[in-house]
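One letter stands for each residue in the lines below.
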Amino acid sequence: MTTENSATVKRRLPWWAWACGIVGAGAFIAALIWGPWWIEGRHLRDKHGNLVSSAGIIVTGFRTMLIAIVAGIFTALGLWYTHQNHQHTVEKDRIQADLTREDQVTGRYVEAVKLLASEKLHERLGGIYALERILKDSDRDHPTIVEVLSAFTRTKLREAEDERGRNGADDGETHEANELRAPSEDVKAALTVLARRDPEQRQAVPTQISGAQLSLHDLRGHLIWRVR
């Protein structure tokens, strides 16, 4: 143990622990010296007050027993202290692993969200499926990812509606209200990811795509009915 670690351990020990240690050491020394006479005194002397021939064996046996008991106590305390240190180390490692995992998830999340803003379709698709992977790996981030994909879907559908309206006005065309339009591939991917969650997840964190006018889009062959 280094000097720094030893100092840390000493600082953690309260004053009463040191007091108990000093008292215990004094009691052990006293019991080691005078204990045989206190406890086995009647066996050490004969009726005339003289030491019996087996006095040395009795004193040695008593002291050996006392040392063995104290050694057993210290061994038990050492095992307990080692177990506590092990538990503390395991807890620290678990906390560190959780922090590392959270950092990794956060990094993956940031990169995936950046891809959603890309002008390239394949990058947006990559971002959507990266978010799905995080959604499966992290229950904590599930609501946030659902909100992000829901907002992405609403935005893309409204942009498509606005663009179609502008194109229709420019061309002088009219469209029937019930005409179905195929959504873009990234919108279909986002809706599919939201739809294929477990039923319990969909119920706990519903998809928020109100106002997107899904009835105007051709979603046959997709799992869109599950997102409602």
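From a predicted model like this one, the values you see are computed outputs, not experimental measurements. (Residues numbered from 1 in each chain as written. Predicted model: local features only at pLDDT ≥ 70, side-chain atom pairs only at ≥ 80, totals over all residues. Heavy atoms only, no water.)

Asks: Looking at this structure, I do not really get the overall build of the protein chain. What am I missing?
Replies: A tally of helices and strands in the protein chain yields seven helices and zero strands. Traced from its N-terminal end to its C-terminal end, the protein chain shows the element sequence α-α-α-α-α-α-α. Each of the 228 residues in the protein chain was classed as buried or not, and the buried ones make up 25%. Once local pairs closer than 6 in sequence are excluded, the contacts in the protein chain between residues at least 24 apart make up 64%. (Helix = DSSP H or I, 4+ residues; strand = E, 2+ residues; numbered from the N terminus. Buried < 20%, exposed > 50% of the residue type's maximum accessible area, 1.4 Å probe, protein only. Contact = heavy atoms within 4.5 Å.)

Asks: I would appreciate a short explanation of the pattern of salt bridges in the present structure.
Replies: Where charged atoms of side chains with opposite charge meet at close range, the side chains can pair. Summed over all chains, the structure comprises 11 salt bridges. For Glu91, the salt bridge is made with Arg94, and the minimal N-O distance between the two is 2.6 Å. A residue pair is termed a helical-turn pair when its members lie 3 or 4 positions apart in one helix, as Glu91 and Arg94 do in helix H3 (residues 55-116) at three residues. Accessibility expressed as a relative area gives 43% for Arg94, which makes it partly exposed. (Salt bridge = Lys/Arg side-chain N within 4 Å of Asp/Glu carboxyl O.)

Asks: I'm lost on the packing of aromatic side chains in this one. Help?
Replies: To describe a pair of aromatic rings, you give the distance between the ring centres and the angle between the ring planes. The final tally for this structure, using the stated rule, is one aromatic pair. For the ring pair Trp34 and Trp38, a centre distance of 6.4 Å and an interplane angle of 25° mean the geometry is stacked. In this pair, Trp34 and Trp38 both sit in helix H2 (residues 15-44), four residues apart, roughly one turn of the helix. Exposure remark for Trp34: the relative accessible area of 45% places this residue in the partly exposed category. (Phe/Tyr/Trp six-rings, centres within 6.5 Å; stacked < 30°, edge-to-face > 60°.)

Asks: Looking at this model, I keep getting lost on the packing of helix H4 (residues 121-137) against helix H6 (residues 185-195). Mind explaining?
Replies: Any two packed helices are characterised by the angle at which their axes cross and by the distance between the axes. Viewed as axis vectors pointing N to C, H4 and H6 meet at an angle of 5°, and their least axial separation amounts to 9 Å. Here H6 runs roughly parallel to H4, going by the angle between their axes. Seen from H4, the contacting residues are Leu121, Arg124, Leu125, Ile128, Tyr129 and Glu132; seen from H6, they are Glu185, Asp186, Ala189, Ala190 and Val193. By residue class, the composition of the contact of H4 with H6 is seven nonpolar, no polar and four charged. (Axes fitted to C-alpha atoms, helices over the stretch in contact; angles between N-to-C directions. Parallel < 35°, antiparallel > 145°, perpendicular 65-115°, else oblique. Nonpolar A, V, L, I, M, F, W, Y, C, P; charged D, E, K, R; others polar.)

Asks: For this particular structure, what's the right way to read the UniProt feature "transmembrane region" (unreviewed entry) in the protein chain?
Replies: Under the present numbering, the feature "transmembrane region" (unreviewed entry) in UniProt falls on residues 15-39 and 51-81. Strand forms 0% of residues 15-39 and helix 100%; the C-alpha atoms that close the span are 32 Å apart. When the span residues 51-81 is considered, its composition is 87% helix and 0% strand, and the gap between its end C-alpha atoms is 44 Å. (UniProt positions renumbered as here; feature names shortened; annotations may be inferred.)

Asks: Got a minute to help me understand the nonpolar core in this structure?
Replies: Nonpolar side chains tend to gather and get buried jointly when the protein is soluble and globular. If you look at the biggest cluster of nonpolar residues, it comprises 16 residues, and the most contacted ones within it are Ile128, Leu131, Ile145 and Leu149. Elements that contribute at least two residues to this core include exactly H3, H4, helix H5 (142-171) and H6. Non-local contacts of Ile128, meaning those with residues more than four positions away in its chain, are made with Leu116, Leu149, Phe152, Asp186, Ala189, Ala190 and Val193. (Core = buried A, V, L, I, M, F, W, Y, C linked by side-chain atoms within 4.5 Å.)

Asks: Please explain the layout of surface pockets as it appears in this structure.
Replies: In this approach a probe as big as a water molecule rolls over the atoms, and the regions it shows empty are the leftover space. Roughly 340 Å³ of internal volume is contained in the second largest pocket. What lines the second largest pocket is a set of 12 residues, among which Ala17, Cys20, Gly21, Phe74 and Leu77 lie closest to the centre. Of all the elements, H2 adds the most residues to the lining of the second largest pocket, at seven residues. (1 Å grid on protein atoms, 1.4 Å probe; cavity = no way out; pocket = protein on both sides within 12 Å on 5 of 7 lines; lining within 4 Å. Points joined across faces, edges and corners; volume = space filled by probe spheres on them.)

Asks: Would you take a moment to explain the packing of H3 against H4 for this structure?
Replies: One can describe the packing of H3 onto H4 by two numbers: an axis separation of 7 Å at closest approach and a directional angle of 150°. The pairing of H3 with H4 is recorded here as roughly antiparallel in orientation. As for how H3 packs across H4, the hand of that crossing is left-handed. The segment H3 lies against H4, with Arg101, Val105, Arg108, Tyr109, Ala112, Val113, Leu115 and Leu116 engaging Glu123, Arg124, Gly126, Gly127, Ile128, Ala130, Leu131, Arg133, Ile134 and Asp137. Across the contact of H3 with H4, the residue classes break down as 10 nonpolar, two polar and six charged. (Left-handed = near helix turned anticlockwise from the far one by under 90°.)

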